[in-house]
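# Report on the structure
Given next are the chains, with one letter for each unit.
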Amino acid sequence: MKPPREKWRKSFSEWFHDVLFRAEIYDYRYPIKGTGVWMPYGFKIRRKLLEIVREKLDSTGHHEVLFPLLIPEDMLSREGEHIKSFEREVYWVTRGGEEELGVKLALRPTSETAIYPMFNLWIQSYTDLPVKIYQVVSVFRYETKATKPMIRVREVTTFKEAHTAHATAEEAEEQVREAVQIYKEFFDAMKIPYVISVRPNWDKFPGAEYSVAFDTVMPDGRTLQIGTVHNLGQKFAKAFDIKYMDRNGEFSYVWQTCYGISERVIAALLSIHGDDHGLVLPSEIAPIQVVVVPIPYKGRDDEILAESRRIYQELASAGLRVIIDERKEITPGSKFYDWELRGVPLRVEIGPRDVDKGTATLVRRDNLERATCGKEEVVEEVRQLLRRIDEALSERAWSWLREMTSKAYDVGEAKRIIKEQGGIVEIPWCGKAKCGMELSELVDADLLGTPWDEEVEVDGSCVVCGAKASTIARAARAY
């Protein structure tokens, strides 16, 4: 019987806060609103996630860098549209010790205005292009809305941002596609389902030509933006005078892109796969893939422990991330509870019957199904079960997204679905900004945008003006 998901679904906010704390992921009791502390187990999950994204970026020609936290006010204000969007969110440093600073320094809200003055120095010729760099840093934004751990914070502690520069518009466009592919593979590795949308022009990244966003649906039916890719065109290049000399000796402005993710990805990972018992982690991300639990029995504890240690060593030698729980002060049931809460994909139980029969009992975390195998086949059986668990998590997550994606052909129906069920509603739209903004108000939801690079059947009329629809608008209540 599968673990229940009623609390996970109906009381998601309570579930999320409870699991973060009890599973020792993230302690949000730090005395500054909108900040939190990564606890050891949570930090290990964070590290595994960053290992994956670093590998994908490094393998596609990106290079990791690290830029300063502080940005002078004049640099931050160089691109007008960009600073205007952040001016209410910026934290300012105005004093050093007792001394007033001559120039205000911003704690980076994002790093375009910190990085691009250096691009101006680094890029001189076509031989310097393309430039493809990334960093993983903290960014700071004075969030005025209600904060929520990992989802809406004032210090984003896991901000991976990539920045690229190219000789032509076509190369920049190709880079956008590469970035989208990188993120698809990254989210697929974590079994997180997503829709990819071009953001509405009035809600794109400030200074971008256009923005592409990845969104997923959380257990409460609200959507969470988990990644963005931006084609910046030449706006920042012109603001920061980033030019290169081409083969003919002519100077041209570069074309740029940027793309980022944050700990919102971890929030989605923990939330989408969870159940009422706690976390359920895919094996690639899980800090511990297998836990071996000896089941004590009067008079036979030594031989049970010896067999448990043997299996532990065999699994560890096979390269699996495994631990053995030898705690004597708590019952096996309490151990099961602890490791289920933390989402360990597979549990191996060794009791007196297993010792007598030469078997091991394997328990899957995703559905709590139990199976036995011969002790000689434990390693292979564990590997196969981890693959099946990952496949099941992916299938369940994508099924959830499909279930939470609906179509509506009038405003009333769209509004009803968003209010009663939540999720994403796809609505015929003429594509005009005026109708799009009005649609958002009418259905009392955010417009995620229009489908990115996919064939979509468009039928019906724009639900606002009645003209023939040219696309669909995705509407949802978003975090």
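Calculation rules
- Residues numbered from 1 in each chain as written.
- Predicted model: local features only at pLDDT ≥ 70, side-chain atom pairs only at ≥ 80, totals over all residues.
- Heavy atoms only, no water.
- Buried < 20%, exposed > 50% of the residue type's maximum accessible area, 1.4 Å probe, protein only.
- Helix = DSSP H or I, 4+ residues; strand = E, 2+ residues; numbered from the N terminus.
- Pairing = 2+ DSSP bridges.
- Right-handed = clockwise from strand over helix to strand, strands pointing away.
- Contact = heavy atoms within 4.5 Å.
- Axes fitted to C-alpha atoms, helices over the stretch in contact; angles between N-to-C directions.
- Domains from an automatic or database assignment.
- Arc of directions from axis to C-beta.
- Polar contact = N/O pair within 3.5 Å; in protein donor to acceptor, adjacent residues only side chain to side chain.
- Salt bridge = Lys/Arg side-chain N within 4 Å of Asp/Glu carboxyl O.
- Core = buried A, V, L, I, M, F, W, Y, C linked by side-chain atoms within 4.5 Å.
- Expected span 1.5 Å × (residues − 1).
- Parallel < 35°, antiparallel > 145°, perpendicular 65-115°, else oblique.
- Left-handed = near helix turned anticlockwise from the far one by under 90°.
- Nonpolar A, V, L, I, M, F, W, Y, C, P; charged D, E, K, R; others polar.

## Quick notes on the pairing of strand β21 (residues 424–429)
In terms of burial, β21 is a largely internal element, six of the six residues being buried. Pairing between strand β20 (residues 405–407) and β21: three bridges, direction parallel. By the bridge assignment for β21, Ser406 is matched with Val425. Each parallel crossover has a hand, and the one from β20 via helix α14 (residues 411–420) to β21 is right-handed. Pairing analysis gives five bridges linking β21 to strand β23 (residues 471–476), with the strands arranged antiparallel. Pairing of Pro428 across the sheet is with Ile472, part of β23.

## Brief notes about the sheet that holds strand β11 (residues 223–233)
A sheet is described by the order of its strands in space; here 11 strands give the open sequence β3-β7-β8-β14-β11-β10-β9-β22-β23-β21-β20, paired in mixed fashion. Unpaired on one side and paired on the other, β3 (63–64) and β20 mark the two borders of the sheet. Each of β3, β7 (131–140), β8 (155–166) and β14 (255–261) is contacted by helix α3 (residues 40–58), which is oriented at about 160° to β7, the strand it contacts most.

## Brief notes about the domain arrangement of the protein
What the domain assignment reports for the protein is domain 1 (6–273), domain 2 (290–385) and domain 3 (406–476). Just the C-alpha atoms count here: the centres of domain 2 and domain 3 sit 51 Å apart.

## Looking at α14
Within the span of α14, buried status applies to Val411, Ala414, Ile417 and Ile418. When α14 is viewed along its axis, its buried side chains cluster within an angular range of 135° and face the same direction. Turned more than 90 degrees away from the buried face of α14, the exposed residues are Lys419 and Glu420. Two or three places before Gly412, at the start of α14, stands the capping residue Asp410, its side-chain oxygen 3.1 Å from that residue's backbone nitrogen. At the C-terminal side of α14, Gly422 shows a positive phi close to 85°.

## A look at the sheet that holds strand β4 (residues 70–72)
Pairing is antiparallel across the open sheet formed by three strands, whose spatial order is β4-β6-β5. Of all strands in the sheet, those bounded by a partner on one side alone are β4 and β5 (91–96). Taken pair by pair, the neighbouring strands of this sheet meet at an average axis angle of 45°, ignoring direction. When β4 meets strand β6 (residues 99–107), the two strands line up antiparallel, connected through three bridges.

## Digging into the pattern of salt bridges
Working definition: two side chains of opposite charge can pair if their charged atoms are close together. Evaluated as defined, the whole model comprises 33 salt bridges. Between Asp453 and Arg177 there is a salt bridge, with the nearest N and O atoms lying 2.9 Å from each other. Taken together, the positions of Asp453 in the loop between β22 (446–451) and β23 and Arg177 in helix α7 (residues 169–189) put the pair 276 residues apart, joining distant regions of the chain. Note on Arg177: relative accessible area 35%, which makes it partly exposed. Salt bridges linked by common partners bring Asp325, Arg327, Lys335 and Asp338 together as one network.

## Overview of the nonpolar core
In terms of nonpolar packing, the biggest core is built from 76 residues, with Ile25, Phe187 and Leu270 touching the most fellow members. With eight residues, the single largest contributor to this core is α7. Excluding residues that lie within four positions of it along the chain, Leu270 makes contacts with Trp15, Leu20, Ile25, Ile45, Met150, Leu279 and Leu281. Within the second largest apolar cluster, 28 residues are counted, among which are Phe119, Ile123, Phe240 and Tyr244.

## Notes on α3
The first and last C-alpha atoms of α3 sit 26 Å apart over 19 residues, in line with the 27 Å expected at 1.5 Å per residue. In this structure, the buried side of α3 is in contact with β2 (37–38), β7, β8, α7, β14 and α9 (264–273).

## A short note on the packing of α3 against α9
At a minimum axis separation of 11 Å, α3 and α9 run at an interaxial angle of 110°. Viewed along their axes, α3 and α9 adopt a mutual orientation that is roughly perpendicular. As α3 packs across α9, the resulting crossing turns out to be right-handed. Between α3 and α9, the residues in contact are Ile45, Arg46 and Leu49 and Val265, Ile266, Leu269 and Leu270, respectively. A breakdown of the residues in the contact of α3 with α9 according to their chemical character gives six nonpolar, no polar and one charged.

## Some words on the packing of helix α2 (residues 12–22) against α9
Orientation of α2 relative to α9, taken along the N-to-C sense of each, is 110°, at an axis distance of 11 Å. Taken as axis vectors, α2 and α9 run roughly perpendicular relative to one another. Here α2 contributes Phe12, Trp15, Phe16 and Leu20 to the contact with α9, which in turn contributes Ala267, Leu270 and Ser271. In terms of residue class, the contact of α2 with α9 is made up of six nonpolar, one polar and no charged.

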